[in-house]
Amino acid sequence: MHVRSLRTAVTGLLTVALAVLAAPMASADHLESHDWTIGDDEITIQLNDSAAGGNFLLDFDKAYETTTSTGREVYVYAPVGWEDSADSDVYGLTQGWDPNPDDDFDVCTDGDEHVITTEQIQTLGDSVESILEVDEAHFGPIEGDEPFVVLAYNVPDEAFYDCAYPSYTAGYFAPDLLDSYGINVVTIDSYAWSQRLTDYQGTIAHEAEHLLHNYSDPGELSWVDEGLADFAQFLTGYGADVGHTYYHQVFHRETSLTKWGGGLEDYGASYTFFQYLWEQAGGNGDGTYDADLDYDGAGGDLLIKLLFEEQANGMEGVQNAIDTFNAMTGADLRDADEIFADWAVAIDLDVEGTDRFDFRALDLQTDLGGLTIDYGNEVYYDGRGQYQGNMNPQKWDRKGNVPDQTALPFGLSYETFRNPGPNFSIDFEGSPSSQIEPFEGDTHYWGGYASQSDNVLDVDYTDQSTLSFATWYFIEEGWDYGFVEAEVDGEWQTVPVSVDGEVITTDDDPHGNNTEGNGITGTSGGEYFVDEPVYVQATAEIPADATDVRFRYSTDAAYLDTGWFVDAVQLDGEAASLDLGDWVETTGEQDNNWLVQVTATCDITPGVDSAEEIVDGDVHVYRYEGDSIHVDGFDTQCLGGQDTITAIVSNLPTGDLTVFDADYDFTLVGTGKALAKGHDKG
């Protein structure tokens, strides 16, 4: 059971040691045999431990109930005994309870921050109706009339087992709970309600967006879903997620906007992107950019709803929504790639009064307590990418603070220069493409890149006994799986797969996603997140009474790795015919589209008019695209002694695959003398 979760930084230390409380393990048939109904005073829910693995049962008491004006029942449930949590140990709540005392994981027993009061429950419950009203108006409806349920408990996560872990799961939406129990469930953690109750109200808004998106487009990529979920916190009046934005300012270079990594910085990137997109489309549609709690059907409100409803995923969906918005309104909003480029400048500069480079609803220079991208590079990375004086070629070779010149998909690298010389030039060479090469021939078959999917590649089968194929895979270990399946008596069953006589499939099922057994997960030819995947040659024996054979790539919600490739598929040594279904026949190649931007607070190409220059107030942006870029003739005489220029490097990949990192080489060199005006772009 993977989840759409909200990660939040931990502040302060947990210092009080508590006893370890043990939990009963869930029975395999619990989901089919539970004898309660939502609304009962006590219910028992089967939950998953995302950190240690395995399922467990937890008993909850009804703590709050109401019915909204639209007739939907709302309940808040907390662990049995929650009313006494200030004075007594409560199983499922008190720090130190253990959902599975027989495993190899030791729980953190330090802390006394998991206390829930009646007043807090009342405040939280009373806010749900307005949260749902705003979320549903801006995004879309909850389908059906099933109740909306909030579960509040001490969620097992990394911080549950490691007292020093810097973040915790503030809440989550698990699609399996909706599928299994037929109720709309979101979960929030019980940590520090006395200090963070308003934050948890925002968490409900966040997780409710995931619930709504699960109805609308369950296969949407995590960066879109999580960005809109963080934005839901803003729309419902609980403010911008400053903590997530803070992390992105520090770890911007380690973050891809479009390839979800699950860190706090990933939330920060996706949130600020959609906040920026909403503002650039007109915010509330009436010239205001605060959270007015109303869906206005215009401006940014309209665009965000179109994006939510769009069935294409990722950047394709963003572009489609922009196209629809422009057609409906007659607006001329810039395309998705240009929005990305402007966002990259705005999150660095955030210059008030500019049209393109200003966040209206938050101030990145003050709301984050001065933690800007420059500050993050200077303090957290010892001056990474920050240079003083002329950076001649020899300095580029020997300076220790030059960042690794590898770009993540739709990522950001900022390098700042003070006093680079009276004139300077830039040189850039980027890898034109990245590829997972086929095992043989020009193409191979890829299972795709979508959440909550079961993509099938069917094999044209008659009565053969052995399936052989080459396979390359990088699959989220323990969460996502590839299966080889045979149809027997009208039922699909998985079969073991071997490489060089060793079985590579597993029956381990730590999170409930490998109930069929014989799942392929992790890294082909090596250890997950240690070794690079390689193609290996695999075989599977087909049951004698099989009537069909297929490959199935199964993913859950949230994080995705590159996925599953197969090639050279044979039956009894003869090439097999394949029906692609949801799979993609591809060269495995990603086209890299490089973007280099230079920003300054004055015109550093005086007397030159070029399509590459964008002027907005005092901000001058020089924007260049291509695999090979050379530009000279920049003139710094308009800059003061403390002024800086910044170079921003990004890769905006296209193609069947858009998930690979790519290498480049960038230098900015002071020429030390005036040059003839003009630009030369190679």
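Summary of the structure given here. A quick note: this is a predicted structure, and the numbers were derived from the prediction, not measured.

Thoughts on the overall build of the protein chain
Move 1: The number of helices and strands found in the protein chain is 13 helices and 35 strands.
Move 2: Computed over its C-alpha atoms, the radius of gyration of the protein chain comes to 27 Å, within 12% of the 26 Å expected for a compact globule of 682 residues.
Move 3: Seen through its C-alpha atoms, the protein chain measures out along the principal axes to roughly 80 × 70 × 50 Å.
Move 4: By residue count, 58% of the 682 residues in the protein chain fall in the buried class.
Move 5: Accessible surface computed for the protein chain: about 25900 Å², of which carbon and sulfur atoms make up 44%.
Move 6: The distance from the centre of the 22 positive side-chain charges to the centre of the 133 negative ones in the protein chain is 14 Å.

Digging into helix α8 (residues 264-280)
Move 1: In this model, α8 (17 residues) spans 24 Å end to end at C-alpha, consistent with the 24 Å of a helix rising 1.5 Å per residue.
Move 2: Buried residues dominate α8, accounting for 17 of its 17 residues.
Move 3: A positive backbone phi angle near 115° is found at Gly282, which sits one or two residues after α8.

Points about the state of the cysteines
Move 1: The final tally for this structure, using the stated rule, is two disulfides.
Move 2: One disulfide in the model links Cys108 with Cys163; its S-S distance is 1.9 Å. One disulfide, between Cys108 and Cys163, carries an S-S torsion of 110° and so falls in the right-handed class. A residue pair is termed long-range when its members are at least 10 positions apart, and Cys108 in the loop between β6 (97-98) and α2 (118-138) and Cys163 in the loop between α3 (158-161) and β8 (167-173) qualify at 55 residues.
Move 3: Given a relative accessible area of 3%, Cys108 falls into the buried group.
Move 4: A sulfur-sulfur separation of 1.9 Å characterises the disulfide bridge that pairs Cys602 with Cys638. What sets the handedness of the Cys602 and Cys638 disulfide is the S-S torsion sign, and at about 70° it is right-handed. On the criterion of sequence distance, the pair formed by Cys602 in the loop between β30 (594-600) and β31 (613-616) and Cys638 in the loop between β33 (628-635) and β34 (644-651) is long-range, its members being 36 residues apart.
Move 5: On the accessibility criterion, Cys602 (13% relative accessible area) is buried.

What to know about the packing of aromatic side chains
Move 1: The final tally for this structure, using the stated rule, is 46 aromatic pairs.
Move 2: Relative to Tyr161, the ring of Phe160 has its centre 5.0 Å away and its plane inclined at 70°; by these criteria the two rings are edge-to-face. For the pair Phe160 and Tyr161, one class covers both residues: buried.
Move 3: An angle of 45° between the planes, with centres 5.5 Å apart, marks the rings of Phe340 and Trp343 as tilted.

Some words on unusual backbone geometry
Move 1: Positive phi, close to 55°, is recorded for Asn419, a residue that is not glycine.
Move 2: Structurally, the position occupied by Asn419 is in the loop between β12 (413-418) and β13 (423-430).
Move 3: Positive phi values are uncommon outside glycine, yet Phe529 reaches one of about 60°.
Move 4: Tracing the chain through its elements places Phe529 in the loop between β22 (522-523) and β23 (536-541).

Some details on the sheet that holds β12
Move 1: A sheet is described by the order of its strands in space; here six strands give the open sequence β10-β12-β34-β30-β32-β31, paired in mixed fashion. Pairing within the sheet leaves two strands with one partner each, and these edge strands are β10 (386-388) and β31. Strand-to-strand, the axes of this sheet are offset by a mean angle of 20°, without reference to chain direction.
Move 2: Here β10 runs beside β12; their pairing, made up of three bridges, is parallel. Pairing of Gln386 across the sheet is with Thr416, part of β12.

Focus: the pattern of salt bridges
Move 1: In the structure shown here, the tally under the stated rule is 11 salt bridges.
Move 2: Here Glu65 ties to Lys62 by a salt bridge, and the two come within 3.2 Å at their closest N and O atoms.
Move 3: A relative accessible area of 46% places Glu65 in the partly exposed class.
Move 4: Judged by its relative accessible area of 21%, Lys62 is partly exposed.

Here we look at the pairing of β30
Move 1: Judged by how many residues are buried, β30 sits mostly within the fold: seven of seven residues are covered.
Move 2: The alternating pattern of β30 places Trp594, Val596, Val598 and Ala600 and Leu595, Gln597 and Thr599 on opposite faces, both of which are buried.
Move 3: When β30 meets β34, the two strands line up antiparallel, connected through six bridges. Of the residues in β34, the one forming a bridge with Gln597 is Ile648.

Quick notes on the environment of Pro422
Move 1: With respect to the helices and strands, Pro422 occurs in the loop between β12 and β13.
Move 2: For Pro422, a relative accessible area of 37% corresponds to the partly exposed category.
Move 3: Separated by 214 residues in sequence, Pro422 and Thr636 have C-alpha atoms that sit 5.2 Å apart.

As for the nonpolar core
Move 1: Phe148, Trp223 and Trp343 are the most contacted members of the largest nonpolar core, which totals 108 residues.
Move 2: Counting 29 residues, the second-largest nonpolar core is a separate cluster that includes Tyr445, Tyr461, Leu571 and Ala576.

Parameters at a glance
- Residues numbered from 1 in each chain as written.
- Predicted model: local features only at pLDDT ≥ 70, side-chain atom pairs only at ≥ 80, totals over all residues.
- Heavy atoms only, no water.
- Helix = DSSP H or I, 4+ residues; strand = E, 2+ residues; numbered from the N terminus.
- Rg over C-alpha atoms; globule rule 2.2 N^0.38 Å.
- Buried < 20%, exposed > 50% of the residue type's maximum accessible area, 1.4 Å probe, protein only.
- Areas by Shrake-Rupley, 256 points an atom, 1.4 Å probe, with all protein chains shown as cover.
- Lys, Arg positive; Asp, Glu negative; His and termini not counted.
- Charge placed at Lys NZ, Arg CZ, Asp CG, Glu CD.
- Expected span 1.5 Å × (residues − 1).
- Disulfide = S-S within 2.5 Å.
- Phe/Tyr/Trp six-rings, centres within 6.5 Å; stacked < 30°, edge-to-face > 60°.
- Pairing = 2+ DSSP bridges.
- Axes fitted to C-alpha atoms, helices over the stretch in contact; angles between N-to-C directions.
- Salt bridge = Lys/Arg side-chain N within 4 Å of Asp/Glu carboxyl O.
- Core = buried A, V, L, I, M, F, W, Y, C linked by side-chain atoms within 4.5 Å.

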